[in-house]
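Below, each chain spelled out in residue letters.
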Amino acid sequence: MEDNVMYERKLCINASELGNNGKVRPTSFINLIQDTESLHIDSLTQFNSYINEHKLGIFLTFRQVDIHAFPTFKTPIKIETRPYEMNSFFGYRNTIIYDDKDNLIVSSYALGNFVDLKTNRSTRLPEEVYNFKLSNPFDMEYTKRKVFLPEDAKLILESNIEILRSHIDYYHHVNNMYYVEFGFNSLPDDFSFNRIRVEYKMPATYKDVIKIEMYTKDTTCWAVIKKEETICALVEFSTFKK
């Protein structure tokens, strides 16, 4: 059993992670989280070797990101990631960001499914591969892992985007961060939020033309991202009470 249940890295906020207000862009948090999760998976020797040998992938199906603070340039941060539930088909993990005084910046959880990259179908891992030490779930609000668009939500914007080479990751799909960025760029200029929830349904690929529909109701916005009539992702932007 592999026992490196938690992976940690320390770094500072860089200029490339800042928006025009001098604070971290929400999409930069997504990149910081994804990179830390990938580094942890890479450090799980037996698990990572099995994944690579059998040409398997870990496809994200849901992520919730709660933003407690927006740090500025050169702010020291600590990122911790740890799985807290695992079975032969999928796994849950928390990724948490603190400043250097252990003040909470971001709390998040994600669900990833194990997929055969040759068939793009869910696959089962042997118990001895995923049976490593787990953490307790982080103390945060865990919303449902399905994003629902209310029937009475108001459509406020429609746009089309062609998927470019720069959008594609090593799975030859659109990087998960870009779905959030597509939605973020479609929000009204005066809209504020501190929670992002994303349900990933079907990956878009290079040269696809996707449609973004932005809806709103009360204090929440939803980006529905489609390839023709099939939904690729649903991105919800809302506010939670800290």
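Now for a look at the structure at hand. Only a predicted model underlies this, so the values are computations on that prediction, with no experimental measurement involved. (Residues numbered from 1 in each chain as written. Predicted model: local features only at pLDDT ≥ 70, side-chain atom pairs only at ≥ 80, totals over all residues. Heavy atoms only, no water.)

Considerations on the side chain of Thr123
And step 1. Tracing the backbone shows Thr123 in the loop between β6 (121–122) and α3 (127–130).
And step 2. Not counting residues up to four positions away in its chain, the partners in contact with Thr123 are Leu56, Ser88, Phe89, Phe114, Val115 and Asp116. (Helix = DSSP H or I, 4+ residues; strand = E, 2+ residues; numbered from the N terminus. Contact = heavy atoms within 4.5 Å.)

Regarding the pairing of strand β8 (residues 195–200)
One face of the sheet, then the other: side chains in a regular strand alternate in exactly this way.
And step 1. In terms of residue burial, β8 counts as a mostly covered element, since six of its six residues are buried.
And step 2. Side chains of β8 alternate between two faces, with Arg195, Arg197 and Glu199 and Ile196, Val198 and Tyr200 buried alike.
And step 3. Pairing of strand β2 (residues 56–67) with β8 involves five bridges; the strand directions are antiparallel. Looking across to β8, one finds that Gln64 is bridged to Arg197.
And step 4. By the bridge criterion, six bridges tie β8 to strand β11 (residues 230–238) in an arrangement that is antiparallel. Within β11, the residue paired with Ile196 across the bridge is Phe237. (Buried < 20%, exposed > 50% of the residue type's maximum accessible area, 1.4 Å probe, protein only. Pairing = 2+ DSSP bridges.)

Let's talk about helix α2 (residues 45–53)
And step 1. Those residues of α2 lying buried are Phe47, Asn48, Tyr50 and Ile51. Across the axial projection of α2, the buried residues extend over an arc of 160°, all falling on one side. Every exposed residue of α2 that faces more than 90 degrees away from the buried side is listed here: Thr45, Asn52 and Glu53.
And step 2. Tucked inside the fold, the buried residues of α2 contact α1 (26–43), β2, β5 (104–116) and α3.
And step 3. Looking one or two residues beyond α2, the residue adopting positive phi is Lys55, at roughly 55°. (Arc of directions from axis to C-beta.)

Some thoughts on the environment of Tyr178
And step 1. Considering the arrangement of structural elements, one finds Tyr178 in helix α4 (residues 176–184).
And step 2. With relative accessibility at 18%, the residue Tyr178 sits in the buried group.
And step 3. In this structure the C-alpha to C-alpha distance between Tyr178 and Pro203, which are 25 residues apart in sequence, comes to 11 Å.
And step 4. Sequence-distant contacts of Tyr178, that is, excluding residues within four places in its chain, are made with Ser166 and His167.
And step 5. Polar side-chain contacts of Tyr178 include one of 3.3 Å to the backbone oxygen of Ser166. (Polar contact = N/O pair within 3.5 Å; in protein donor to acceptor, adjacent residues only side chain to side chain.)

Comments concerning the packing of α1 against α4
Two quantities define a packed helix pair, namely the angle between the helix axes and the distance between the axes.
And step 1. At a closest axis distance of 9 Å, the pairing of α1 and α4 adopts a crossing angle of 170°. Comparing the axis directions of α1 and α4 gives the class roughly antiparallel. Contacts between α1 and α4 pair Pro26, Thr27, Ile30, Asn31 and Gln34 from the former with Asn176, Met177, Val180, Glu181 and Phe184 from the latter.
And step 2. Classifying every residue of the contact of α1 with α4 by side-chain character gives five nonpolar, four polar and one charged. (Axes fitted to C-alpha atoms, helices over the stretch in contact; angles between N-to-C directions. Parallel < 35°, antiparallel > 145°, perpendicular 65-115°, else oblique. Nonpolar A, V, L, I, M, F, W, Y, C, P; charged D, E, K, R; others polar.)

Side note on the packing of aromatic side chains
And step 1. The full count for this structure, using the stated rule, is 15 aromatic pairs.
And step 2. Just above the ring of Tyr98 sits the side chain of Lys78; from NZ or CZ to the centre is 5.3 Å. (Phe/Tyr/Trp six-rings, centres within 6.5 Å; stacked < 30°, edge-to-face > 60°. Lys NZ or Arg CZ within 6 Å of the ring centre and 35° of its normal.)

These figures capture arrangement, not role.
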